[in-house]
Structures are given as C-alpha cells and as structure tokens.
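What the coordinates show
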Amino acid sequence: MGNGVHSWHLLKQVASYNLFKQSRTLSRTSIPIIMISATRCTFLGCSGLGGSGNICGGQRRGYGPWRVTCMSPINDRNGSVVNVMETPLKEIKKEAVVEDVDDNPISGGGPRDVYGEDKATEDHFVTPWSVSVASGYTLLRDPHFNKGLAFTEKERDAHYLRGLLPPTTIPQETQVRKMIQHIRQYQVPLQRYMAMMDLQERNERLFYKLLIDHVEELLPIVYTPTVGEACQKYGDIFMRPQGLYISLKEKGRIQEVLRNWPEKNIQVIVVTDGERILGLGDLGCQGMGIPVGKLSLYTALGGVRPSACLPITIDVGTNNERLLNDELYIGLKQRRATGQEYSELMHEFMTAVKQTYGEKVLIQFEDFANHNAFDLLEKYRSTHLVFNDDIQGTASVVLAGLVAALKLVGGNLADHKFLFLGAGEAGTGIAELIALETSKQTNAPLDEVRKNIWLVDSKGLIVSSRKESLQHFKKPWAHEHEPVKNLLDAVNKIKPTVLIGTSGQGSAFTKEVVEAMASINEKPIILSLSNPTSQSECTAEEAYTWTQGRAIFASGSPFSPVEYKGKVFVPGQANNAYIFPGFGLGLIMSGTIRVHDDLLLAASEALAEQVSEENFEKGLIFPPFTNIRKISAHIAAKVAAKAYELGLATRLPQPKDLVKFAESCMYTPAYRSYR
C-alpha cells in the first residue's frame, strides 16, 4: 500500500520489467494483474475481463506490434496500490486480492465489471483506465495492424488469434479482389464511399492497397465527385470521428486540442472551414470529408505515411439555413464568425500548429471562401509552409494540361489568348500561374503577358472601368475594353483560343458558346473544370459534338469516353490529385520550409512531361491515373530539385537521384510480417 507517487513508481516498474521479463515462464493460467485503486477501479492485464489485450503469453518479450497506454496516477480516497503478483487466478481469488467476477451478482445486463461502472450512477464518476496491446481481439480491431484473414499460422499462434478468425489464410491480393467485388455490388456512389471509409477504419493497409490497385475506378468515390455528396450528407452518415474538429469553443486552447491527436510526427495537415466545399457552397463542419479524402490521396498517390497526415476542420459556424435547422448537423449551430473573431482563431491555429509540429509541417488550405483563401495564403506564406490547393494546385495541374495541349495545337503560351468564366480563387490562380510561366518563357513583364488573359465574373467581362469596385485579386485582370455582359459576347469579341470554366455553374458553356469557339479555332481548347459533375460548365459529349470532334477537352470531374463519327475520344481530367500528392512529397523529402511559385511551375512541367504520344492520339492532355505513383515520384523529384536550387531545402546533402529517392520514401501498403 502507499500514496499516489508510490503507485506511479510501482506502475512504471511493472510496465518496464515484470510484465515482460518473466512472461516466458508463465502458464496459460498464471496471469500478471495490475490493480490500482481509484474509486475501486483496476488495471487487468491479460485477463480479458475489461476488454484488455493479452500481454503475458509465451514468447512475448520484445515482440510486436504492441501498445501500452497508461493514465497519470490519481490520488483517490484510499490512495492504495496492490502489488503485481504472478499467481494463478484461483489463488488470487482465495486471497481476495480482486473481487471474483463470477461470484458477483448480475448487474447491468451481465456480470458486474471490475471497473465499477455498473455500480456508478450518472452522478458517480468512473476512471477510464486503459491497457491496450495489439494482440488477440484488440489486434483485430486496430486498423493500423489488422490484416484480417491474412494473418499466417505462426502469427495466429504468437498473437493469440486462434479461434478469433476462420481457419483459412488469405493473402492480401485475394483480399483486394474480394473487396473490389464487394464495392462494385453497390450501385449508389455514396454507398461505395461509405464502404471504403468503413474499410479504412478496419484495415488501413488493405484500404490503400485497394485504392492504389484500382485508382481510376475508386478515385471518383473517395474524392470528387462523390465526396461532395458525402459532405452534404455527412451528418447522416457520420459514424466515427476522422481528424480533429477545432471550433470556437476551443479558442484559447487550440494547442491543447492538437496534442489530443494520437500521432505526434505530423508532416501534412489539410484544413478547411467548410465555407466553399467544391461548388456546393457552405457546408460548415460537414466539410471534413474534404480533408479526409485529400489526405487519403496524399498516401495512396503520393506515398506520404497515413500516420503523418492530419485532417482538420475549423468550425466557426455556418450560414447554411438547412444545416442550422437540421437536428443531425454535427457542427456549431450558429452564424459564421467573421472579422476579428475569425482572424484571431485562425492565427491561434497557425501558431499552435507551428509550435506543435515544427517549421516543416505542410499546411494545405482547402475550400475556404475567396475572401479568406487569398488573405490566409498571403498572410502566412512568408512564415509557414502553406499551400492552397484551390488556388495553386488547380493552377499547376491546368498549366500542365495547357503545356501538353500546345503539342497538339502548336505555338507557345504567349501565342494564345485565354478566356475564363469564373474569377474566384481557382480562376485567378490559374491565370496568375499561366502569366508567370509565359513571363518566364518570354522574359516579358508580368503586366504585359497578363493582357492575353481575360476573366468573366458574374457581372461580365472584367475591364478597367470596373476596377474601383473589384476585389483586390481581380484587379490585375482588368484590361482596357468596352463592357461586355455575357460569355457569348465575350467569346465573339475577345476571340480566345482557350476557354476555361471555373464558375461552378453547370451548363454555362452553352451550344452557342462552344460553337463560337469552334468557328474561331481549328482545335479549340475547352476546359470545363468545375466540380462536382453537376456543376461542370459542359459535358465531354457536348464539347466533342458541338465542335465536330475538333475540341481538346478536359474537365474537373471524370467523364466517360465519347464516340463521335466512329472515333472514340477519351476526355482528360484536370484533377488536382495529379499535383498535390507529389508536390507534398517533394516538399517533405527535401525538408522545404516555404512554397515558392517556381516550385509550382516545376510541378507543372513534370506532369506535362508524363503525357505520351499514345495519350495524345486519344485526345488526352493528361496521363492516365494508372501510373500516378510513378508520376508523383517525378513531380516530387522536380519540386525537390527546384527547392534545393532556390535554397529552400533543409534536408542535406541533396540525394544524387531524386526520383529514386522519392520512390524510396513512398509508403507502400503491403502487409508487414509480425514476430
């Protein structure tokens, strides 16, 4: 017996010595037990009484995988501790060291548990002590280590899995075939999404193996467009939390919240405030589906370890009336915080992230509204490693597609004229990166090359006469021209060679608009980039049909191949997933501390180089996703090389072969063998 300090000292000795040193000599009935009195709560090792794992069997010392989690000591009224004993269970019962569960009266639907929870009332606190080891029943429910039926005979013996699994052993490749058949049974995309998320919670490595092996089929499920529907219905399908939720309630305590996340070595954070989810608007706290989906792709496509990824939602309320009135809505039911209150919360978050995870953690802003997206990127790009996928990632992938398309239409970027429908973060981000690349190629001033890039917003063509009323990020694109109210008139007057849609307005590229592009250009480049599919400015079939098969087309969401007059056209997908996984890997493996625009240009060049002649023959200006991990490795290498060139990389010395180094850094989801 002793005080709380004595209890804690004894517990440390137990954890480091007694539980493992003599475990080889124990019989199956000789069970070490830790008991700490805290309102008569106890630790039970190996007994299985409290749902804890078996940590004492033969050949346990030095074996993995295992985890031990202990709470700090608590001085209860008795302040007592019972010595650890290696005694057969029947002898323990005789000496009354612990109450015999079998001899206790039935309570709460079953035998009274030794933690005292069945005796507790709503006013009676219990202590959730936990000793968990990834073995036996616990191992099968740990998604990081679970292998399902792939556990070998030896592993089943070593980790107490006998009887907990059917006798058949199935390799991971067979599990993948089984799971893809299971996923295909669902006709509704949202059901497939839910099945994939359920698999991720059960068997992490199988989830990523399945996603990598069937990336073209499953990418639209775990990412756009299905993830958009998942966010809309997140409150209905919410089963268990994924990622961290930081709301206004946590203001002043954000660093404490970050420390609640179990993984400490975080390399990538994807964060959203849910105000502009895809083209669906304000979905508030339900926007969590976006960070979760993005980080799944960081791992599957870019090879970043799952444990190094952290999805975060900043909940400052929502202005969506439907959600505010929905009893199943999982977020704060209040109007969005703005102004100083919002800025203070975000600044505390950014400061806490840097203090907790260091200088080199990548923070990716995702689906913030325009006014916040630009401000946050500008405010923190000089102090943090920040990246906005909507502004910079979209721009990089579209620029890559345009560079590839020039091989089909001829000329350089400076020879073409660009017209955008949509002047938000995506549109202006793409326009700026095109201007930067054009300036780099021609050595012309930015202001000069911008004159070939025109934007149309909700009020019409952006021209100089509107400059005083424009938001700051639109002003560089206000050129001298008479006012033009609609897109069709803008096409006829500007005569662009490239038409790019980032408006979020479905069917905005009408037949008249597309036909006008076809009358001006032999091979019009038409990029309909808005997500999800319902918001796409036009479909692939419309683009090919209305241009008599002459269009070079790509979209944000996937479209099926189109047959026109005996020829099959395969529409490309200008998907950010081409860029951000490899881009992030390049930053991580080089230890880059800031994102420079030249890194984005390097990523675009690397992606454009991966488009083959075979792809061009099908009308593709992007490579197929089947090779995405190889593509990501090349992008990572190019980005890292540029970071070293600019002096932004901190991981020295620079590897000789950056492509091979990138491939060696990539996480692979093959099962590990357990001793």
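This structure is a prediction, so every number in the text was calculated from the model and none was measured.

**Quick notes on the overall build of the protein chain**
Across its full length, the protein chain carries 26 helices and 18 strands. By the burial criterion, 56% of the 675 residues in the protein chain qualify as buried. Intrachain contacts of the protein chain at a sequence separation of at least 6 include 71% that bridge at least 24 residues. Counting only carbon and sulfur atoms, one obtains 50% of the accessible surface of the protein chain, whose full area is about 29,600 Å².

**Let's talk about the nonpolar core**
Formed by 120 residues in total, the largest nonpolar core has its most connected members in Leu402 and Phe583. It is helix 25 (residues 628-646) that contributes the most residues to this core, 10 residues altogether. Each of domain 1 (223-384) and domain 2 (391-665) gives at least three residues to this core. Phe583 has contacts with Phe387, Val595, Leu599, Leu600, Ala603, Ile635 and Val639, leaving out every residue within four places of it along the chain. Residues Val353, Ile363, Phe365 and Phe374 belong to the second largest nonpolar core, which totals 36 residues.

**Looking at the sheet that holds strand 12 (residues 460-461)**
As summarised here, the arrangement of the seven strands in space is 12-11-10-13-14-15-18, forming an open sheet in which the pairing is mixed. Sheet topology places strand 12 and strand 18 (572-573) at the edges, where each strand pairs with a single neighbour. As paired elements, strand 11 (residues 453-457) and strand 12 share two bridges and run antiparallel to each other. Bridging across to strand 12, Val456 finds its partner in Leu461. Those strands touched by helix 19 (residues 487-494) are strand 10 (418-421), strand 11, strand 12 and strand 13 (498-501), and its axis lies near 175° from that of strand 10.

**Things to note about unusual backbone geometry**
A cis amide bond, omega -10°, links Asn531 with the succeeding residue Pro532. Relative to the elements of secondary structure, Pro532 occurs in the loop between strand 14 (525-528) and helix 21 (540-546). A cis amide bond links Leu652 to the next residue, Pro653, at an omega of 0°. Note that Pro653 resides in the loop between helix 25 and helix 26 (658-665). A positive phi angle, near 60°, is found at Asn443, a position not held by glycine.

**Some words on the pattern of salt bridges**
A side chain of one charge can pair with a side chain of the opposite charge when the charged atoms of the two come close. Tallied over the entire structure, the rule returns 30 salt bridges. A salt bridge links Lys209 to Asp213, with the shortest nitrogen-to-oxygen separation between them at 3.6 Å. Taken together, the residues span about one helical turn, with Lys209 and Asp213 both in helix 7 (residues 204-213) at a distance of four residues. Taking the relative accessible area as the measure of exposure, Lys209 reaches 21% and is therefore partly exposed. Through salt bridges with shared partners, a single ionic network connects Arg276, Asp367, Asp390 and Glu425.

**A closer look at the packing of aromatic side chains**
The description of an aromatic ring pair uses the distance of the two centres, along with the angle that the planes make with each other. Summed over all chains, the structure comprises 15 aromatic pairs. Relative to Tyr208, the ring of Phe207 has its centre 4.9 Å away and its plane inclined at 80°; by these criteria the two rings are edge-to-face. The burial state of Phe207 is the same as that of Tyr208; both residues are buried. Here Tyr544 and Phe553 contribute two aromatic rings whose centre-to-centre distance is 6.0 Å and whose plane-to-plane angle is 65°, an arrangement assigned as edge-to-face. The two residues Tyr544 and Phe553 agree in class, both being buried. Ring pairs connect the aromatic residues Tyr544, Phe553, Phe559 and Phe569, which therefore count as one cluster.

**Thoughts on the UniProt feature "binding site: a divalent metal cation" (unreviewed entry) in the protein chain**
Within this numbering scheme, the UniProt entry marks Glu366, Asp367 and Asp390 as carrying the feature "binding site: a divalent metal cation" (unreviewed entry). Spanning 25 residues, the annotated positions come together in the fold, the maximum distance between their C-alpha atoms being 6.8 Å. Assignment of secondary structure puts Glu366 in the loop between strand 8 (362-365) and helix 15 (370-380). Every residue in contact with Glu366, bar those within four places of it in the chain, is listed here: Val270, Val271, Thr272, Asp273, Ile290, Lys294, Asp389 and Asp390. When you line up the elements, Asp390 lands in helix 16 (residues 389-409). Leaving out residues up to four positions away in the same chain, Asp390 has contacts with Arg276, Phe365, Glu366, Asp367, Phe368, Glu425 and Ala426. Here Arg276 takes part through its side chain, which lies 3.4 Å from a polar atom of the side chain of Asp390.

**A closer look at helix 20 (residues 511-520)**
Among the residues of helix 20, Val513, Val514, Ala516, Met517 and Ala518 are the ones counted as buried. Against helix 19, strand 13, strand 14 and helix 21 lie the buried residues of helix 20.

**A short note on helix 12 (residues 289-302)**
Relative to the 20 Å expected for 14 residues at 1.5 Å per residue, helix 12 spans 19 Å between its end C-alpha atoms, a close match to the ideal helical length. The buried count for helix 12 comes to 14 of 14 residues, which makes it a mostly enclosed element. Of the residues trailing helix 12, Gly303 is marked for its positive phi of about 75°.

**Brief notes about the confidence of the model for the protein chain**
Summing up the model confidence of the protein chain, the mean pLDDT is 84 and the portion of residues at 70 or higher is 80%. Per-residue pLDDT stays below 50 along residues 1-64; that stretch engages in 141 contacts with residues further than four places along the chain or on separate chains. The low-confidence segment residues 112-117 (pLDDT under 50) makes 20 contacts with residues lying over four places distant or belonging to another chain.

**What about the sheet that holds strand 7 (residues 309-315)?**
The parallel open sheet is built from five strands, whose spatial order is 5-7-6-8-9. Here the strands that pair on one side only, and so sit at the sheet edges, are strand 5 (244-247) and strand 9 (385-388). The mean inter-strand angle of the sheet, taken between neighbouring strand axes irrespective of direction, is 25°. As defined by bridge partners, strand 8 adjoins strand 9 across four bridges and the pair is classed as parallel. The residue of strand 9 that forms the bridge with Leu362 is Leu385.

**Regarding the pairing of strand 9**
The alternating pattern of strand 9 places Leu385 and Phe387 and Val386 and Asn388 on opposite faces, both of which are buried. With helix 15 bridging strand 8 and its parallel neighbour strand 9, the resulting β-α-β unit is right-handed.

**What to know about the packing of helix 7 against helix 12**
Where helix 7 meets helix 12, the closest approach of the two axes is 9 Å, and the angle between their N-to-C directions is 70°. The angle between the axes of helix 7 and helix 12 places the two elements in the roughly perpendicular class. Two secondary-structure elements touch here, helix 7 through Phe207, Tyr208, Leu211 and Ile212 and helix 12 through Ser296, Leu297, Thr299 and Ala300. In terms of residue class, the contact of helix 7 with helix 12 is built from six nonpolar, two polar and no charged.

**Observations concerning the environment of Gln200**
The topology assignment puts Gln200 in helix 6 (residues 189-202). Put simply, Gln200 and Ser296 are 96 residues apart on the chain and 9.4 Å apart in space, counted from C-alpha to C-alpha.

**What about the packing of helix 14 (residues 339-357) against helix 15?**
Between two packed helices, what matters for the description is the angle formed by their axes and the separation of those axes. Running from amino to carboxyl end, helix 14 crosses helix 15 at an angle of 45°, the nearest separation of the two axes being 12 Å. By the criterion of interaxial angle, the relationship of helix 14 to helix 15 is oblique. Read as a crossing pair, helix 14 and helix 15 show a hand that is right-handed. Along the contact surface, helix 14 presents Tyr342, Met346, His347 and Met350, while helix 15 presents Asn372, Leu376, Lys379 and Tyr380.

Parameters at a glance
- Residues numbered from 1 in each chain as written.
- Predicted model: local features only at pLDDT ≥ 70, side-chain atom pairs only at ≥ 80, totals over all residues.
- Heavy atoms only, no water.
- Helix = DSSP H or I, 4+ residues; strand = E, 2+ residues; numbered from the N terminus.
- Buried < 20%, exposed > 50% of the residue type's maximum accessible area, 1.4 Å probe, protein only.
- Contact = heavy atoms within 4.5 Å.
- Areas by Shrake-Rupley, 256 points an atom, 1.4 Å probe, with all protein chains shown as cover.
- Core = buried A, V, L, I, M, F, W, Y, C linked by side-chain atoms within 4.5 Å.
- Domains from an automatic or database assignment.
- Pairing = 2+ DSSP bridges.
- Axes fitted to C-alpha atoms, helices over the stretch in contact; angles between N-to-C directions.
- Salt bridge = Lys/Arg side-chain N within 4 Å of Asp/Glu carboxyl O.
- Phe/Tyr/Trp six-rings, centres within 6.5 Å; stacked < 30°, edge-to-face > 60°.
- UniProt positions renumbered as here; feature names shortened; annotations may be inferred.
- Polar contact = N/O pair within 3.5 Å; in protein donor to acceptor, adjacent residues only side chain to side chain.
- Expected span 1.5 Å × (residues − 1).
- pLDDT = per-residue confidence, 0-100.
- Right-handed = clockwise from strand over helix to strand, strands pointing away.
- Parallel < 35°, antiparallel > 145°, perpendicular 65-115°, else oblique.
- Nonpolar A, V, L, I, M, F, W, Y, C, P; charged D, E, K, R; others polar.
- Left-handed = near helix turned anticlockwise from the far one by under 90°.

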